[in-house]
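# Analysis of the macromolecular model
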Amino acid sequence: MCGIVGYVGPKSTLEVLLGGLRRLEYRGYDSAGVSVISGTGLDTRKKAGKLDNLIAEITNHPLPDAHIGIGHTRWATHGAPTDGNAHPHIGGEAAKLSLIHNGIIENFYELKAELVEAGTKFASETDSEVAAHLVAAEFEKTGDLPTAFTNVVKRLRGAFTLLAIHEDQPDVVLAARRNSPLVIGLGDGENFLGSDVAAFVEHTKRAISVGQDEIVILRAGEIEIRTFDGAPVTPVEFEVSWDASAASKGGWSSFMAKEIADQPQAVADTLMGRLASDGSVRLSEIDGLSAEDIKNIDRIIMVACGTASYACDVAKYAIEKFSRIPVQVELSHEFRYRDPIVTPNTLIVAVSQSGETMDTLMATRYAKEAGAKVLAICNTQGATLARESDAVIYTHAGPEVAVASTKALVAQITAGYLLALFLAAGRGATPKAELARLGKELLQMPESVAEVLDGLEGIRQLGKDMANAKSVLFLGRNVGFPVAMEGALKLKELAYIHAEGFAAGELKHGPIALIEEGQPVIVIVPSQRDEDSLHPKVISNIQEIRARGARVIAIAEEGDNQVGDYAEHVVFVPKAESIFASLLTVIPLQVFALELSTAKGLDVDQPRNLAKSVTVE
Ligand code: F6R
């Protein structure tokens, strides 16, 4: 939520800021703004709506050349998405300080009341403007910007990343971080700040994650990091593995279309170097968990939100089946606030693409306090979740820019399968020969994912044809159930139509009442080939809804010789081990939502009301 970028150095500041904002726009697109300091002082431009509106504003009212500045792209919390509420916010009567904010300042009412009483006039309805006025006032008192900034951030409660610049100290960008992301990009004679590395990856791959309650004093040739209490912090540098080109559309019509096409690579990269052909899994990154820790696990709780929670649902089936460790999947926000039972033998597995989802961070912090070990499955290097966990399995999906998650999901599911095989071996719960067979099957999946992508013309056309649908239902069993829920979520968020995913077995317990003549239902049909296959049961479910007028679209395995008799349209996916089939069956659903949304003329990369990284609770 909200993207922030800061720069100091010899390049054109405006270009750096706008380039960074373009890459961060997925974090929020209610408004955008920049401030720069040049020889003529502080200048700010800001505009409601997407970044293009800001660019048009700057074209009409150009900014002077500058070598220091800050930029912001907003997901509105306090105050509507208007020009006035757009960041940066200007502090003080002399209007020399500019500040941007990501997060929520929880005690802003008290602080605002104090400022209003002292005669401060507010130009916006935001909580952020409070911080701008406070820093400006404190600077007037102390005459030292880092001191003034530190004094103010120590008074703030809630979640914030703040960046500030001041006309009287035109060589320094100040930044502070509490419960909200901030990364430094290290350049040669220039330095960058960003909500994530995407903000500056086209300029530098050297980065530093800023820790909780830390302040950064950023100059072109120097970086100082201190805690809010003034203690010096020794920075730990890391190398960004993402390529800047990976975060560009590369000729695709949308980031989402590109990211769907990236999925074979995302699965392959997540498996790479981890799964040997004998089925053995090497997860060197989880050294933070000892063999003893793994033996002692008596329960796994997986926490995540949205699409990532469906990856957990899939992982649950695999982990329980192969390792026999009981797994519970919890939405992070529900888990955190219901006094859950967590013991030192509980392993928390937190799954997050961004690694900055505040609900998931709060859930893991709570679990750590209760003595549990936390294993993160995360796609973003240097993210808070990765840093705060005992161990991390990085998914190697590369940067995911479209707000709706696609390739990050398949990478999370892949990591979940790897974890299942790893735990199964560690606990001796599945015979070695069977693990070897499963490993081979899993190694086949990138190829099978690529095959699915080659055979989607039918579902593309259906998506286009169904642009006027009012509601679509999704049914599945076993790993097909989370896939059904993901299909429904994709459709809700991209096409703004009613969609629900159900466990097919649950149908007769209520949802079947929704079926009426012409109701589209997409059914994930399991393989026919397994001994204890759920195929006959799902075929019965299809017959039940067909009898009541449903229009059935089936996603089924190649060679299924029955489903065609019952479904109006069948999308075939390659044969796979049943439990791994979720990696294949989810893809037609992503493409269906993409096409339907596009046919409705909607923006698939930036759906309304959403932001990619939900950094507020
Ligand atoms: C939906 C989607 C969201 C995210 C959720 C968690 O397409 O992208 O539901 O999956 O907000 O985000 P992360 O994985 O960053 O924690």
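A brief structural summary. (Residues numbered from 1 in each chain as written. Predicted model: local features only at pLDDT ≥ 70, side-chain atom pairs only at ≥ 80, totals over all residues. Heavy atoms only, no water.)

Before going further, it helps to spend a moment on the site of the ligand. In the neighbourhood of the ligand, 14 residues make up the surrounding shell, with Ser-352, Gln-353, Ser-354, Thr-357 and Glu-493 lying closest. Ser-405 is positioned with one of its backbone polar atoms (N or O) 2.9 Å from an oxygen atom of the ligand. Within the side chain of Glu-493, one N or O atom sits 2.5 Å away from an oxygen atom of the ligand. Protein coverage of the free-state accessible area of the ligand, which is 410 Å², stands at 90%. Residue assignment for the shell around the ligand shows that the elements contributing at least two residues are α9 (306-323) and α17 (480-495). The element contributing the most residues to the shell around the ligand is α9, with three residues. (Near = heavy atom within 4 Å. Polar contact = N/O pair within 3.5 Å; in protein donor to acceptor, adjacent residues only side chain to side chain. Areas by Shrake-Rupley, 256 points an atom, 1.4 Å probe, with all protein chains shown as cover. Helix = DSSP H or I, 4+ residues; strand = E, 2+ residues; numbered from the N terminus.)

With that settled, the discussion passes to the packing of helix α13 (residues 407-427) against helix α14 (residues 432-443). Orientation of α13 relative to α14, taken along the N-to-C sense of each, is 165°, at an axis distance of 11 Å. One way to sum up the angle between α13 and α14 is to call them roughly antiparallel. Where α13 crosses over α14, the two elements pack in a sense that is left-handed. On the side of α13, the interface is formed by Tyr-417, Leu-418, Leu-421, Ala-424 and Ala-425, while α14 contributes Leu-435, Leu-438, Gly-439 and Leu-442. (Axes fitted to C-alpha atoms, helices over the stretch in contact; angles between N-to-C directions. Parallel < 35°, antiparallel > 145°, perpendicular 65-115°, else oblique. Left-handed = near helix turned anticlockwise from the far one by under 90°. Contact = heavy atoms within 4.5 Å.)

Glancing now at the state of the cysteines. For the structure on display, the rule yields zero disulfides. Distance from the sulfur of Cys-305, which forms no disulfide, to the nearest cysteine sulfur (Cys-312) is 9.4 Å. Free of any disulfide, Cys-378 has its nearest cysteine sulfur in Cys-312, 13 Å distant. A relative accessible area of 0% places Cys-378 in the buried class. (Disulfide = S-S within 2.5 Å. Buried < 20%, exposed > 50% of the residue type's maximum accessible area, 1.4 Å probe, protein only.)

Inspection of the secondary structure assignment puts Arg-177 in strand β8 (residues 169-178). Of the side chains with opposite charge, Glu-356 lies nearest to the buried Arg-177, which makes no salt bridge, at 4.5 Å. Of note is the side chain of Arg-177, whose polar atom sits 2.8 Å from the backbone oxygen of Ser-180. When residues no more than four places from it in sequence are discounted, the contact partners of Arg-177 are Phe-160, Thr-161, Leu-182, Val-210, Gly-211, Gln-212, Asp-213, Glu-214, Phe-228, Glu-356, Thr-384 and Arg-387. (Lys, Arg positive; Asp, Glu negative; His and termini not counted. Salt bridge = Lys/Arg side-chain N within 4 Å of Asp/Glu carboxyl O.)

Attention shifts here to the sheet that holds strand β13 (residues 222-227). If you walk across this open sheet you meet the six strands as β5-β6-β7-β8-β12-β13, and the pairing is antiparallel. Sheet topology places β5 (89-91) and β13 at the edges, where each strand pairs with a single neighbour. Taking each pair of neighbouring strands and ignoring which way they run, the sheet shows an average axis angle of 20°. Across six bridges, strand β12 (residues 214-219) lies against β13 in antiparallel orientation. Directly across from Arg-219, in β13, lies its bridge partner Glu-222. Running over the sheet, helix α4 (residues 128-142) touches β5, β6 (97-105), β7 (158-166) and β8 and is turned about 135° from β6. (Pairing = 2+ DSSP bridges.)

The next thing to look at is the sheet that holds strand β11 (residues 206-209). An order of β3-β2-β4-β1-β10-β9-β11-β14 is seen for the eight strands of this open sheet, with the pairing classed as antiparallel. The sheet is open, and its two edges are formed by β3 (41-48) and β14 (237-239), each paired on a single side. On average, each strand axis in the sheet is inclined to that of its neighbour by 20°, with strand direction left out of account. Contacts from helix α1 (residues 13-24) reach β1 (3-8), β2 (31-38), β4 (68-74) and β10 (191-194) within the one sheet, and its direction differs from that of β1 by about 155°. Its contacts with the sheet place helix α2 (residues 51-60) against β2 and β3, and it is angled at close to 135° to β3.

Quick look at the side chain of Thr-384 now. With respect to the secondary-structure elements, Thr-384 resides in helix α12 (residues 384-388). The class of Thr-384 is buried, set by a relative accessible area of 1%. Among the polar contacts listed, one links the side chain of Thr-384 to the side chain of Arg-177, at a separation of 2.6 Å. Apart from residues no more than four positions distant in its own chain, Thr-384 is found in contact with Arg-177, Gly-355, Glu-356, Leu-361 and Arg-365.

Moving on, we get to the environment of Glu-577. The residue Glu-577 is located in the loop between β24 (569-573) and α19 (582-599) in this model. Residue classification places Glu-577 among the buried residues on the basis of a relative accessible area of 18%. In sequence terms Glu-577 and Arg-437 are 140 residues apart; their C-alpha atoms lie 9.9 Å from each other. Apart from residues lying up to four places away in sequence, Glu-577 is in contact with Arg-437, Leu-438 and Glu-441. Within the structure, the side chain of Glu-577 is placed 2.9 Å from the side chain of Arg-437, a separation counted as a polar contact.

This part covers the packing of helix α16 (residues 457-465) against α19. The N-to-C vectors of α16 and α19 enclose an angle of 35°; their axes lie 7 Å apart at closest approach. Of the two elements, α16 crosses α19, and the hand of that crossing is right-handed. Contacts between α16 and α19 involve Ile-459, Arg-460, Leu-462, Gly-463 and Lys-464 from the first element and Pro-588, Val-591, Phe-592, Glu-595, Leu-596 and Ala-599 from the second. Looking at the contact of α16 with α19, its residues break down into seven nonpolar, one polar and three charged. (Nonpolar A, V, L, I, M, F, W, Y, C, P; charged D, E, K, R; others polar.)

These figures capture arrangement, not role.
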